[in-house]
Amino acid sequence: MSAQQHEEAHTGPIKTPKQVMWVSMAAFVLPVFIIIGLVFFVVSGQKPAAGASNMEKSVAERIQKVGTVEIRDANRPLKSGEAVYQAQCVACHGAGLAGAPKFGDRGAWAARIKNSFDSLVTSALKGKGAMAAQGGGEHNDTEIARAVAFMANAAGAKFAEPAAPAAAK
């Protein structure tokens, strides 16, 4: 094997010093331009959020209201137990749905009445079984207690209807 054949077998694409200079410059300059281009892309302008094709809709969704404020008249007259029963309780207690003791059913109410009026009111305000908590709803705690007294009295209890709380001065 000759020496010339041996040299040709081990030579690369760069054959002259001028080519070495251009490849060295390209190897340095090309990555710098790629990095500058990526930085420019990242910091330039507004880009839509991932998955947002309608910019106005996506902005409206991000700034939507979180909650609401409801203003009530604190000085309104309290409703009677019967009015609260008709407005809120009759749906379940009128027909005895979901295990609710039926209105006027002495047998179903007897064990509950024996516990105490306070325990009945606590069950109504905090909820029990399938019954959701009534506290903080449309009616205040005194009105719910009046409805409890109304229902229990219809089943034979002798509870007095709670009076309105004294106004804070």
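Computed from a predicted model, the values in this text were never measured in an experiment.

Caption draft 1: Here's a closer look at the state of the cysteines. Taken as a whole, this structure holds zero disulfides when the rule is applied. Summary of cysteine pairing: C89 is not part of a disulfide, and the nearest cysteine sulfur, belonging to C92, is at 8.9 Å. Exposure remark for C89: the relative accessible area of 14% places this residue in the buried category.

Caption draft 2: Layout of the packing of helix α6 (residues 117–126) against helix α7 (residues 141–154). Contact pair α6 / α7: the axes reach a minimum separation of 9 Å and the direction vectors enclose 120°. Between α6 and α7, the angle falls in the class oblique. Crossing of α6 over α7 shows right-handed handedness. Facing α6, whose interface residues are F117, L120, V121, A124 and L125, α7 presents D141, I144, A145, V148, A149 and A152.

Caption draft 3: Region of interest: the confidence of the model for the protein chain. Put simply, the protein chain has an average pLDDT of 79, and 86% of its residues get 70 or more. Helix α2 (residues 17–43) holds the highest mean pLDDT among the elements of the protein chain, 91, whereas helix α1 (residues 3–9) holds the lowest, 62.

Caption draft 4: Quick peek at α2. Taking 1.5 Å per residue as the helical rise, α2 with its 27 residues ought to reach 39 Å, and the 40 Å between its terminal C-alpha atoms agrees with that figure. Note on α2: the residue one or two positions beyond its end, G45, has a positive phi of about 50°.

Caption draft 5: Structural context of the side chain of E143. One can find E143 in helix α7. Residue classification places E143 among the buried positions, given a relative accessible area of 0%. Those residues in contact with E143 that lie beyond four places of it in its chain are R76, P77, L78, K79 and V84.

Conventions used here
Residues numbered from 1 in each chain as written. Predicted model: local features only at pLDDT ≥ 70, side-chain atom pairs only at ≥ 80, totals over all residues. Heavy atoms only, no water. Disulfide = S-S within 2.5 Å. Buried < 20%, exposed > 50% of the residue type's maximum accessible area, 1.4 Å probe, protein only. Axes fitted to C-alpha atoms, helices over the stretch in contact; angles between N-to-C directions. Helix = DSSP H or I, 4+ residues; strand = E, 2+ residues; numbered from the N terminus. Parallel < 35°, antiparallel > 145°, perpendicular 65-115°, else oblique. Left-handed = near helix turned anticlockwise from the far one by under 90°. Contact = heavy atoms within 4.5 Å. pLDDT = per-residue confidence, 0-100. Expected span 1.5 Å × (residues − 1).

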